[in-house]
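Geometric and topological summary
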Amino acid sequence: MTFEGILNIPPYSLDRTKKETLLTQRLTELTRLHRANCPEYDAMLKSIGFDESKISNYSEIPFLPVRLFKELELRSVPKEEVVKTMTSSGTTGQAVSKIYLDRVTSSNQQKVLVKIVSSFTGSGRMPMLIIDCPSVIKNRAMFSARGAGILGFSIFGSDRQYALNDDMQLDIETVEKFLEKHSGERILLFGFTFMIWQHFYRELVRLRDETGKTFDLSNGILIHGGGWKKLVSEAVSQEQFKKCLTDVCGLHDVHDYYGMVEQTGSIYMQCECGHLHASIFSDVIIRDPYDFRVLQQGEKGIIQVVSTIPESYPGHSLLTEDEGILLGEDDCPCGRLGKYFTVTGRLQNAEIRGCSDTYAAKF
Amino acid sequence: MTNLEKYNSAFITTFEITEEQLAGLKYQDIEAWDSVGHMGLIAALEDAFDIMMDTDDIIDFNSYEKGKEILSKEEYGVKF
């Protein structure tokens with residue numbers, strides 16, 4: 001099946017059996033493609049005697065640890081075909097992953113993101129308030145994960161406005177004007193979890209308490225991602241985060257997402273029931289941290305992610321440094337098919353990453 | 001300004017290029033037409049023609065010529 005064919009399937013419409021067939025076929029093809037075009041990847045698979053023609057399920061395809069992209073330059077296309085290099089977020093002094101994208105992979109990332117997100121927001125574009133500062137996307141040669149996230153979501157915005165200035169302060173006048181201009185319309189808000197908490201939510205609370213000024217965002221839909229670590233340490237739970245936003249500005253349509261620069265596009269969106277969902281474009285497999293066997297529903301383990309998108313670098317099957325629990329498959333009350341899960345945190349001794357968390361490490 | 005002039009002008013101003021560079025120009029042929037530049041171009045065209053493009057059309061818009069084809073579609077009604 002071509003990737004165009006996969007793109008025509010609604011993102012949450014395949015049950016376990018159908019999705020397994022699709023993923024096994026596509027991921028086996030990608031394994032073959034990367035072996036043929038990335039010598040380092042082929043060498044790794046040879047060293048363990050792996051033969052992709054003998055597998056019956058995509059869970060048998062080897063996974064690379066995400067940090068390998070920091071140590072090796074892994075590409076499956078010639079250098080001349082790379083149009084964009086994306087880097088992971090990292091705190092100062094950390095090595096960053098480098099992900100090499102060609103035209104095809106870069107465009108497929110955007111197409112998949114559109115399919116997934118518009119199944120939550122509807123296909124129309126909306127006025128968009130970005131809870132970040134404009135300088136994030138200024139360095140165009142090197143894309144940080146934070147810039148890539150903002151840019152990827154920008155396609156959903158008709159009139160786009162940054163809510164923070166380059167000192168990360170809420171630009172009250174701009175936000176007021178923007179909300180006035182679009183009063184009565186549905187508004188998309190996008191940002192990273194910690195920035196929203198620190199520079200948006202807290203500032204709105206301060207404004208309300210000190211000046212009585214409030215903003216009405218009851219028409220808004222907020223999509224946020226990038227990690228919870230810092231908020232967990234401040235004892236802010238997901239439920240509290242949502243409740244606080246509802247209390248201060250009426251915002252109640254709030255969706256977290258889980259995603260990473262190594263598999264841009266195929267993100268995991270949180271549904272109305274608070275569960276992260278795998279679309280048909282990707283999947284999660286929870287593994288035992290000691291022997292890597294596949295764990296059952298309800299057991300906590302390391303999250304492996306597979307994605308049907310990566311053609312220009314061998315990142316279609318990766319072991320993250322995040323821990324999570326599979327909550328169920330095909331039976332979420334929201335009606336979406338596929339696995340749903342929760343991310344419980346980072347492995348101990350793992351590096352801090354995530355757009356929200358690396359930024360928060362400065363506080 | 002004719003529609004073609006408006007269309008060309010969006011490219012020329014957004015990417016800081018000359019009219020001679022337009023024919024055959026493709027997404028990512030020049031440094032300025034990267035993904036950031038692309039969203040800038042779309043915003044400029046939407047302003048110029050007072051339209052709102054679909055996400056699918058924004059993605060398919062991958063060359064100077066393809067863009068004309070997309071804007072000529074019934075829902076945008078731009079005639080060149």
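Let me sum up the structure you'll find in this document.

Assigned secondary structure in chain A consists of eleven helices and 15 strands. For chain A, the C-alpha radius of gyration of 20 Å lies close to 21 Å, the compact-globule estimate for 363 residues. The buried share among the 363 residues of chain A stands at 47%. Taking as baseline every contact in chain A between residues at least 6 positions apart, the subset at least 24 positions apart corresponds to 73%.

Looking only at helices and strands, one finds four helices and zero strands in chain B. Starting at the N terminus, the α and β elements of chain B follow one another as α-α-α-α. Here chain B has a C-alpha radius of gyration of 11 Å; the compact-globule value for 80 residues is 12 Å, and the two agree. For chain B, the C-alpha atoms occupy an extent of roughly 30 × 25 × 20 Å along the three principal directions. Residues classed as buried in chain B amount to 20% of the 80 residues present. Put simply, of all contacts in chain B between residues at least 6 apart along the chain, 48% involve residues at least 24 apart.

So, about helix α4 (residues 64-71) of chain B. In an α-helix there are 3.6 residues to a turn, and that puts residues three or four apart on one side. All names here are of chain B. Restricting attention to buried positions, one finds in α4 the residues G67, I70 and L71. All buried residues of α4 fall inside an arc of 90° around its axis, so they share one side. Buried positions along α4 lie against α2 (35-49) and α3 (55-60).

Attention now goes to the environment of S13(A). Residue and element names in this part refer to chain A. With respect to the helices and strands, S13 occurs in the loop between α1 (3-7) and α2 (16-37). C-beta crowding within 10 Å serves as the criterion here: with 14 such atoms nearby, S13 is assigned to the partly exposed category. Sequence separation between S13 and G335 is 322 residues; the distance between their C-alpha atoms is 9.5 Å.

For the rest of this paragraph, the subject is the environment of Q161(A). Residues and elements named next belong to chain A. Considering the arrangement of structural elements, one finds Q161 in strand β6 (residues 157-162). According to the C-beta neighbour criterion, Q161 is partly exposed, with 19 such atoms within 10 Å. Sequence spacing of Q161 and G220 is 59 residues, and the spatial spacing of their C-alpha atoms is 14 Å. If we ignore the near neighbours within four places in the chain, the residues touching Q161 are L129, I130, T174 and F178.

A word on the interface of chain A and chain B. Contacts between the two partners involve 16 residues from chain A, matched on the other side by ten residues from chain B. Those elements that place two or more of their residues in the side of chain A that touches chain B are α5 (103-121) and α6 (145-154) of chain A. Here the side of chain A that touches chain B takes six residues from α5(A), the largest share from any one element.

All names here are of chain A. Position of A148 relative to the elements: it lies in helix α6. When the 24 C-beta atoms within 10 Å are taken as the criterion, A148 is described as buried. Separated by 159 residues in sequence, A148 and S307 have C-alpha atoms that sit 18 Å apart.

Residue and element names in this part refer to chain A. Within the largest apolar cluster, 103 residues are counted, with the highest numbers of intra-cluster contacts made by L129, I130, I131, A163, L188 and F190. Among the elements that make up this core, the one with the highest residue count is helix α8 (residues 193-211) (seven residues). I130 has contacts with I150, R160, Q161, Y162, A163, F190 and G191, leaving out every residue within four places of it along the chain.

Okay, the packing of α8(A) against helix α10 (residues 238-249) of chain A next. All names here are of chain A. At a minimum axis separation of 10 Å, α8 and α10 run at an interaxial angle of 40°. If you check the angle between α8 and α10, you find them oblique. Between α8 and α10 lies a crossing whose hand is left-handed. Residue-level inspection shows W197, Y201, L204, V205 and R208 of α8 in contact with α10, the latter providing F241, C244, L245, V248 and C249. Of the residues belonging to the contact of α8 with α10, the class tally is nine nonpolar, no polar and one charged.

Residues and elements named next belong to chain A. Of the pairings in the sheet, the one linking strand β11 (residues 276-277) to strand β15 (residues 339-346) comprises two bridges and is antiparallel in character. Bridging from a neighbouring strand, H277 pairs with Y340 of β15. The pairing of strand β14 (residues 317-329) with β15 spans seven bridges and is classified as antiparallel. By the bridge assignment for β15, D322 is matched with R346.

All names here are of chain B. Contact geometry for helix α1 (residues 3-15) and α2: axes closest at 9 Å, N-to-C directions at 145°. Pair α1 / α2 crosses with right-handed handedness. Only G37, G40, L41, A44, L45, A48 and F49 of α2 make contact with α1, whose side of the interface consists of K6, A10, F11, T13, T14 and F15. Looking at the contact of α1 with α2 residue by residue, the class counts come to eight nonpolar, four polar and one charged.

Attention now goes to the pairing of strand β12 (residues 282-287) of chain A. If a strand is regular, its side chains alternate between the two faces of the sheet. Residue and element names in this part refer to chain A. In terms of burial, β12 is a largely internal element, five of the six residues being buried. In the sheet, β12 pairs with strand β13 (residues 300-307) via six bridges, with the strands oriented antiparallel. Within β13, the residue paired with D283 across the bridge is V306.

The rules behind these values
- Sequence positions are assigned chain by chain, starting from 1 and proceeding in written order.
- Lettering of chains starts at A and numbering of ligands starts at 1, both following the order in which they are written.
- Predicted model: local features are reported for residues with pLDDT of at least 70 only, side-chain atom pairs are reported and counted for 80 or more only, and whole-chain, interface and lining totals are derived from all residues.
- Only DSSP runs of H or I reaching four residues or more are called helices, and only runs of E reaching two or more are called strands; each is numbered from the N terminus.
- Within these notes, the globule rule equals 2.2 Å times the number of residues to the 0.38 power, and the radius of gyration is based on C-alpha atoms.
- Here exposure depends only on C-beta density: within 10 Å of a residue's C-beta, 20 or more other C-beta atoms make it buried, 12 or fewer make it exposed, and intermediate numbers make it partly exposed, the C-beta atoms being placed from the backbone.
- Our contact criterion uses C-beta atoms placed from the backbone: two residues qualify when those atoms are within 7 Å.
- As used here, the arc is the angular range of directions from the helix axis to the C-beta atoms.
- In these notes, a nonpolar core means any group of buried Ala, Val, Leu, Ile, Met, Phe, Trp, Tyr and Cys residues linked to one another through C-beta atoms within 7 Å.
- The axes used here are C-alpha line fits, helices contributing only the stretch in contact, and every angle between their N-to-C directions lies in the interval 0 to 180 degrees.
- Oblique is the label for any angle not under 35 degrees, not over 145, and not in the 65 to 115 range, which are roughly parallel, roughly antiparallel and roughly perpendicular in turn.
- The sense of a crossing depends on the near helix, which, turned anticlockwise from the far helix by less than a right angle, makes the crossing left-handed and, turned clockwise, makes it right-handed.
- Under the scheme applied here, ten amino acids are nonpolar (Ala, Val, Leu, Ile, Met, Phe, Trp, Tyr, Cys and Pro), four are charged (Asp, Glu, Lys and Arg), and all others, including Gly, are polar.
- Strands are labelled as partners when DSSP assigns at least two bridges between them.

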